[in-house]
Amino acid sequence: MQTGLILWFLFINVVGYLVMSDDKRRAQQRRDRTPERTLFLLAFIGGALGVWIAMYRKRHKTKHPSFTIGIPLLLFLNAVIYGYFIQ
């Protein structure tokens, strides 16, 4: 189970990073955007670290309190859940 969980952690965080980066690119090009609900869903299901890293590396959504507070909270929740199952 640990191997599967680690693979999930890596996969979902790469997906979160890529989706957040793509949303930044789309914002710059004034194209259709990824809904915020989708970004939070990716963070909730385990990809908060990837979303958080992209948020600050790409400087995207850093002025939105829902992201600057919500994503770190989801990151903490992810850490607790992963820590519980990896023991």
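This structure is a prediction, so every number in the text was calculated from the model and none was measured.

Calculation criteria
Throughout, a residue's number is its position along its own chain's written sequence, starting from 1. Only residues with pLDDT of 70 or above have their local features reported here, since the model is predicted, and side-chain atom pairs are shown and tallied only from 80 upward, although totals for entire chains, interfaces and linings are computed over all residues. To get the side-chain values, all heavy atoms of the structure are used, and hydrogens and water are removed first. Within this scheme, the nonpolar core is defined by two criteria: the residues are buried Ala, Val, Leu, Ile, Met, Phe, Trp, Tyr or Cys, and they are joined through side-chain atoms within 4.5 Å. Buried, partly exposed and exposed residues are distinguished by accessible area as a fraction of the type maximum, computed with a 1.4 Å probe on protein chains only: under 20%, between the cut-offs, and over 50%, respectively. Where helices and strands are cited, they refer to DSSP runs of H or I of at least four residues and of E of at least two residues respectively, numbered from the N terminus. What makes two residues a contact is simply this: any of their non-hydrogen atoms within 4.5 Å. The term salt bridge refers to a pairing of a side-chain nitrogen on Lys or Arg with a carboxyl oxygen on Asp or Glu at a separation within 4 Å.

A. How the structure looks around the nonpolar core. Counting ten residues, the largest nonpolar core is built from Met-20, Leu-39, Ala-43, Ala-48, Val-51, Ala-54, Met-55, Phe-67, Ile-71 and Leu-74. Of all elements in the fold, only helix H2 (36–57) and helix H3 (65–86) reach the threshold of two or more residues within this core. No other element matches H2, which puts six residues into this core. If we skip the residues at most four places from it in the chain, Ala-54 touches Tyr-17, Met-20, Ser-21 and Arg-59.

B. View of the pattern of salt bridges. Summed over the entire model, instances satisfying the criterion amount to four salt bridges. Put simply, Asp-22 and Arg-26 hold a salt bridge, and the shortest N to O gap is 2.9 Å. With Asp-22 and Arg-26 both in helix H1 (residues 2–28) and four residues apart, the pair spans about one turn of that helix. Judged by its relative accessible area of 21%, Arg-26 is partly exposed. Residues Glu-36 and Lys-61 are paired through a salt bridge, measuring 3.0 Å at the closest nitrogen-oxygen approach. Residue Glu-36 is found in helix H2, and its partner Lys-61 is found in the loop between H2 and H3; the two are separated by 25 residues along the sequence. Classification of Glu-36 by relative accessible area gives partly exposed; the value is 33%.

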